[in-house]
Amino acid sequence: MIQGQDLNRRDFLRISSLFLAGSAAMSTPIGRTLSGGGDALAGNGEERIVHSFCEHCFWRCGIAAHVRDGRIYKITGSKHHPLSNGRLCPRGTGGVGQIYDPDRLAHPLIRQKKGGRVSYRKATWDEAIAYTAEKLYGIRETYGPEAIAMLHHGYGYTFFKKMFMAFGVNKFAKPSFDFCCGPRHQGYLLTYGHGAGTPEGVDIVNSKYILFFGTHYGENMHNTAVQEIAEGIRRGLKIVVFDPRFSTLAGKAEKWLPIKPGTDIAMMQALMNVLITEDLYDREFVAGHTVGFDELRDEVEKMTPERAAEITDISADDIREVARTYARYAPAAAVHPGRRTQWYGDGTQRSRSMAILNALVGNYKMPGGVVKYEKYKLPKSETHHYPEFEKKVWSKYPLFVDTKPENSIASHEVIEQTLDEKIKAWLVYGVNVPETITLGRKIALEAINKVDFLVAVDTLPMEVTGYADVVLPECTYLERYDDLDGGRPYRTPFVALRQPAVEPMFDSKPGNQIAKMLAEKLGLHGVLEEDVETYLDRKLKKAGSSLAEVKKTGVLLGKPTDLYRKPGEKLTFKTPSGKIELASSKLREAGFDAVPRYIRHPEPPQGFYRMLTGRKPMLTFGRTANNRFLNELPTARENEVWVNTHVAEKHRLSHGEYVHLKNQAGVVSEYPIKVKVTERIRQDAVYMVHGYGHYFKKLKWAYRKGASHNELISHTEIDKAIGAVGFQNNFVTFIKEA
Ligand SMILES: Nc1nc2c(c(=O)[nH]1)N[C@H]1C(S)=C(S)[C@@H](COP(=O)(O)OP(=O)(O)OC[C@H]3O[C@@H](n4cnc5c(=O)[nH]c(N)nc54)[C@H](O)[C@@H]3O)O[C@H]1N2
Ligand SMILES: Nc1nc2c(c(=O)[nH]1)N[C@H]1C(S)=C(S)[C@@H](COP(=O)(O)OP(=O)(O)OC[C@H]3O[C@@H](n4cnc5c(=O)[nH]c(N)nc54)[C@H](O)[C@@H]3O)O[C@H]1N2
Ligand code: SF4
Ligand SMILES: [Mo]
């Protein structure tokens, strides 16, 4: 049981160690070499390299897995993959710690009640699949397909999506939308008619001046972007970082501006104000390619640098200087869209402000400005038409506007609909619900307690698995095929292959097989019938290659994107007006401000500090928290709370001591956190990295290391346009250890 939680119905169960890898390893050969094929080697000392892609975050860089004697001993960056260029971020090299994690889930598990005692029992795959299918079928028959939802994150989900589409289920949600990059995606769509991109469409290497609002590369380790920034700086790129905290990136910047948290829109309005009043914007571009300029001008007219200085704590001189320098370097200057953009519930408007600052200086498709990458054009090869599937957006938010079936509702709405008893079953693929559905742990657990049936597909005994009715152990990304990574635009368009370097260990299975077994049991015909190799080969043959060919390098490369605008080129945008919308017609129609407006956010109560969060180079929350290979360094083992020197004095805190944090609603962190006393953060905020403070003992490495950020969220602000959830209006104070 979790302290302080009354979970009568769905008690948090301790999975017996007998069902985890540590003991299974005794009886199961570790990392058997793949059988078949000319390169299968078993125990004869020969080596091979398998090219695939990483799953330690969502950038999906190309990897080279080095295998010797049937074991992966090293992972390096693929030379062939355009997102790696032969290099990886520290997390990418750490896959060895994931596949050989002794705490891995080794067998399917079913929750059972015997003589009043609830526990997990080891099940065969047949039993676990039959039970899951029976439950899902029953729930669909009784309540309809809308009573089933899939929460997903990570690249193996696509097969489960197909399985559900054939089953008529169309409620799919990913926390990486409403708790992460939804606002910038929709903000860019509303402004430019296309998203901001992953990798983001900024020509970093050729840029002379880039503004970053919070985006903290160097801690956020997106491999290619970090490489591009380093290369850009080598070529003379200057950067400005607006961040309440002196981030790693601030250390590389020409200017660090410790902005008051929550005031970015005011800052960006002031920058626009200077560009417009001093006539520094690109008049010709704005006249030819944008709509809504007058409305924008009227809105930002009031935000003089002097007024913004009062709001943001950045001097009017600095604001003017940044705006002028930005205009001077334009069009080889840009504002980076960042990634996690749901901060205060006004993320769509904040992201739109960034998009507008780019548009004003006419940097679209210009060297060093905003660029639009192209996708590899993979011919369609789908044979199945999903007769049961009705494409539908379930979200109640008017501008949720995602047309992709895999994102039809915000993940927090799945929680709400579960609490309202509209949703009765969840399939959770790679989402650690108690720690990532950021409505606070309490609400996530209430929903977990309410849902009738929960099946978790995971690799590790993460918190979410302790509440599941069925746990299906997926093998790691190093032991399986997934669908092709072919949908993403980049400088060099590519299709990448995920392929197994070794066979699945223990009794774990790839997602593609699990979904196939479920589809069979559910009697779904014509979907997931071929084996995965046939499926991939068929897709790749359509593209003029083959699985055998692509297995060699792990990628198919397309013709480099023609990045830059030709003189006189006609630009078209998929917005209602066909132009860049400085004033958004869709926002106006839906009853929102057409141009971004600054809204004041609440101030910390006396003695409390705004709780900010971010990333660490060696950790991607649940994906790597238990990874011994990555977290060996003492600095990576736990998170710290950054406290300004003056604040530390006021609360008599010393560097290195452990405290508990208490938020404005009285929630106290279950575990203590180490204090980092530093000048590198403003006095009104503290900072802690998300992804620590795991409470499941079976995560032997991660258990009790640092404090959970999620646990301290008691207040959220919904972005009413798109349903993203801001959680930076939470404030904490310190409780010293007795
Ligand atoms: N190593 C590593 N890399 C990762 C991840 C990881 O876990 N580990 N996770 C990946 C994921 S999922 C994401 S979404 C991205 C997130 O990475 P980013 O999008 O770069 O960062 P955020 O988490 O949004 O922002 C954190 C920074 O914003 C600053 N900040 C906080 N409030 C404000 C404010 O009001 N104004 C301004 N200007 N700055 C503010 C914080 O001090 C901090 O430096 O990172 C990705 N990359
Ligand atoms: N409090 C708080 N909440 C946040 C954030 C925050 O900063 N603070 N950040 C938000 C952001 S930006 C994001 S993107 C989301 C991320 O949210 P999640 O994606 O839920 O994050 P993780 O904790 O990485 O959970 C990943 C889960 O996937 C499992 N997993 C890893 N590899 C595999 C695999 O190969 N197969 C399967 N089936 N499972 C696998 C892990 O064991 C873990 O249970 O969280 C959001 N929530
Ligand atoms: S940025 Fe790092 S963790 Fe993310 S995919 Fe690339 S190598 Fe893996
Ligand atoms: Mo994210």
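Further up the page is the structure itself.
A brief structural summary. Keep in mind that this is a model prediction, so the values were computed, not measured.

## A short note on the overall build of the protein chain
(1) Moving on: Looking only at helices and strands, the protein chain features 22 helices and 26 strands.
(2) Moving on: In terms of overall dimensions, the protein chain is globule-like: its C-alpha atoms have a radius of gyration of 25 Å, near the 27 Å expected for 738 residues.
(3) Moving on: Per-residue burial for the protein chain yields a buried fraction of 63% across its 738 residues.
(4) Moving on: If you take every contact in the protein chain between residues at least 6 apart in sequence, the share linking residues at least 24 apart comes to 74%.
(5) Moving on: Mean positive and mean negative side-chain charge positions of the protein chain (102 and 87 charges, respectively) differ by 2 Å.

## Observations regarding the site of ligand 3
(1) Moving on: As a matter of local geometry, ligand 3 sits amid 13 residues, with C54, C57, R60, C61 and C89 nearest to it.
(2) Moving on: Broken down by class, the residue content of the shell around ligand 3 amounts to 7 nonpolar, 4 polar and 2 charged.
(3) Moving on: Domain assignment of the residues forming the shell around ligand 3 places at least three in each of domain 2 (31-88 + 476-507 + 533-558) and domain 3 (180-373 + 564-589).

## Remarks on the site of ligand 2
(1) Moving on: Looking at ligand 2, there are 29 residues lining it, with H153, T438, D458, E474 and G622 nearest.
(2) Moving on: Between ligand 2 and R615, the relevant distance is 3.2 Å, taken from an oxygen atom to a side-chain nitrogen or oxygen of the residue.
(3) Moving on: Per-class residue counts for the shell around ligand 2 are 8 nonpolar, 14 polar and 7 charged.
(4) Moving on: Both domains that meet at the shell around ligand 2, namely domain 1 (1-18 + 104-174 + 406-474 + 509-528) and domain 4 (609-736), each give it at least three residues.

## Quick word on the environment of I713
(1) Moving on: For I713, the location among the structural elements is in the loop between β23 (685-689) and β24 (717-719).
(2) Moving on: Take I713: its relative accessible area is 3%, and that puts it in the buried class.
(3) Moving on: Along the chain, I713 and R340 lie 373 residues apart, while their C-alpha atoms are 17 Å from each other.

## Overview of the side chain of H153
(1) Moving on: In this fold, H153 is placed in the loop between β6 (148-152) and α4 (158-167).
(2) Moving on: A polar side-chain atom of H153 sits 3.5 Å from a polar atom in the side chain of S176.
(3) Moving on: Sequence-distant contacts of H153, defined by excluding residues within four places in its chain, comprise F58, S176, Y429, G430, V431 and R623.

The rules behind each value
Residue positions are given per chain, counting from 1 as you read along its sequence in written order. To label them, take the chains in the order written and letter them from A, then take the ligands in the order written and number them from 1. The model is predicted, so local features are restricted to residues of pLDDT at least 70 and side-chain atom pairs to those at 80 or more, both for listing and for counting; the totals for chains, interfaces and linings are taken over all residues. With hydrogens and water set aside, each side-chain value is computed from the structure's full complement of heavy atoms. In DSSP terms, a helix is any run of H or I states spanning at least four residues, a strand is any run of E spanning at least two, and both are numbered starting from the N terminus. Restricting the calculation to C-alpha atoms gives the radius of gyration, and the globule rule supplies 2.2 Å times the number of residues raised to the power 0.38. Between buried and exposed lies partly exposed: a residue is buried under 20% and exposed over 50% of the maximum accessible area for its type, with that area taken using a 1.4 Å probe on protein chains only. The contact criterion used is simple: two residues touch if any of their non-hydrogen atoms lie within 4.5 Å. For the purpose of counting charges, residues Lys and Arg are taken to be positive, whereas Asp and Glu are taken to be negative. His and the chain ends are not included. Just so you know, the charge point we use is NZ for Lys, CZ for Arg, CG for Asp and CD for Glu. Whether a residue is near a molecule or strand depends on its heavy atoms: it is near if one of them lies within 4 Å of it. Ten residue types, Ala, Val, Leu, Ile, Met, Phe, Trp, Tyr, Cys and Pro, are classed as nonpolar, four, Asp, Glu, Lys and Arg, as charged, and the remainder, Gly among them, as polar. The split of the chain into domains comes from an automatic or database domain assignment. Whenever a nitrogen or oxygen atom comes within 3.5 Å of another N or O atom, the pair is scored as a polar contact, on the condition that within protein one atom can donate a hydrogen and the other can accept it, and that pairs from neighbouring residues in sequence are kept only if both atoms are in side chains.

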